[in-house]
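Letter by letter, the chains look like this.
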Amino acid sequence: MYEPIRTKSVHTAAAPRLPRRSRDEELDLQLAGHLAALLTVTDELRGPVPCPELDRAAEQLAEVVTRLHHGRRPLRLPVGPRAGDPDRRAALHRRAHALAGRALVVAESRQDTEAAALAERRLAAHAGTV
């Protein structure tokens, strides 16, 4: 009744098989991305007035990102006059709060207690300024 299929399926002849990442590797990449973005915002907030708390937070963020990137240090903004406008600073604090929240969710998901504790501290630090 039916003639057998003699040609290969278009679905199997598609793109070559790409290497797949494990769930843990994907979570590591996500967490490193969120923390690197938080580091960038933190560097921008450090701006013209020295703030030991932000300096310490930036160093801790850089250490965790370096660990997640297997020893490769993240690029950093040079400290200089930035974010002087109060509206701009408020927007940066809101952005940092959102990034810390995302990092906390991913860190909890991958059970990284060091990154989760750091994200939680940054979340609390930026919560008062949101």
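In what follows, the structure referred to is the one given above.
Heads up: these notes are all about the structure in this document.

Rules behind the numbers
- Residues numbered from 1 in each chain as written.
- Predicted model: local features only at pLDDT ≥ 70, side-chain atom pairs only at ≥ 80, totals over all residues.
- Heavy atoms only, no water.
- Salt bridge = Lys/Arg side-chain N within 4 Å of Asp/Glu carboxyl O.
- Helix = DSSP H or I, 4+ residues; strand = E, 2+ residues; numbered from the N terminus.
- Buried < 20%, exposed > 50% of the residue type's maximum accessible area, 1.4 Å probe, protein only.
- Core = buried A, V, L, I, M, F, W, Y, C linked by side-chain atoms within 4.5 Å.
- Axes fitted to C-alpha atoms, helices over the stretch in contact; angles between N-to-C directions.
- Parallel < 35°, antiparallel > 145°, perpendicular 65-115°, else oblique.
- Left-handed = near helix turned anticlockwise from the far one by under 90°.
- Contact = heavy atoms within 4.5 Å.
- Expected span 1.5 Å × (residues − 1).
- Arc of directions from axis to C-beta.
- Polar contact = N/O pair within 3.5 Å; in protein donor to acceptor, adjacent residues only side chain to side chain.

## Topic: the pattern of salt bridges
- For the coordinates displayed, the defined rule picks out eleven salt bridges.
- Among the ionic pairs, R88 bridges to E44, the shortest N-O distance being 2.4 Å. Linking R88 in helix 3 (residues 86-109) with E44 in helix 1 (residues 23-46), this pair joins segments that are 44 residues apart in sequence.
- Residue E44 is classed as buried on the basis of its relative accessible area, which comes to 16%.
- In this structure, a network of salt bridges that share partners links the residues D28, R67, R110, D112 and E114.

## With respect to unusual backbone geometry
- Positive phi values are uncommon outside glycine, yet H70 reaches one of about 55°.
- In this fold, H70 is placed in the loop between helix 2 (52-68) and helix 3.
- Phi at Q111 takes a positive value of approximately 60°, unusual for a residue other than glycine.
- Residue position: Q111 is located in the loop between helix 3 and helix 4 (113-127).
- A relative accessible area of 70% places Q111 in the exposed class.

## Points about the nonpolar core
- Ranked by size, the top nonpolar core spans 27 residues in total, and within it L31, L35 and L38 carry the most contacts.
- Listing elements by their share of this core, those giving two or more residues are helix 1, helix 2, helix 3 and helix 4.

## Quick notes on the packing of helix 3 against helix 4
- Following both chains from N to C, one finds helix 3 and helix 4 inclined at 155°, their axes separated by 8 Å at the closest point. What the angle tells us is that helix 3 and helix 4 run roughly antiparallel. Considering only the axes of helix 3 and helix 4, their crossing is left-handed. Here helix 3 contributes H93, A96, H97, A100, G101, A103, L104, A107 and E108 to the contact with helix 4, which in turn contributes A115, A116, A119, E120, R122, L123, H126 and A127.

## Things to note about the packing of helix 2 against helix 4
- At their nearest, the axes of helix 2 and helix 4 sit 11 Å apart, and the two run at 150° to each other. When the interaxial angle is binned, helix 2 and helix 4 end up roughly antiparallel. Of the two elements, helix 2 crosses helix 4, and the hand of that crossing is left-handed. Within the contact between the two elements, helix 2 uses E53, L54, A57, Q60, L61, V64 and R67 and helix 4 uses E114, A115, L118, R121, R122 and A125.

## Re helix 4
- Across its 15 residues, helix 4 extends 21 Å between first and last C-alpha, which sits within 8% of the 21 Å expected from 1.5 Å per residue.
- For helix 4, every residue scored as buried is listed here: A115, A116, L118, A119, R122 and H126. For helix 4, the angular spread of the buried residues around the axis is 165°, confining them to a single face. More than 90 degrees from the buried face of helix 4, the exposed residues found are T113 and A124.
- Buried residues in helix 4 make contact with helix 1, helix 2 and helix 3.
- The opening residue of helix 4, the one whose side-chain oxygen lies 3.3 Å from the backbone nitrogen of E114, is D112.

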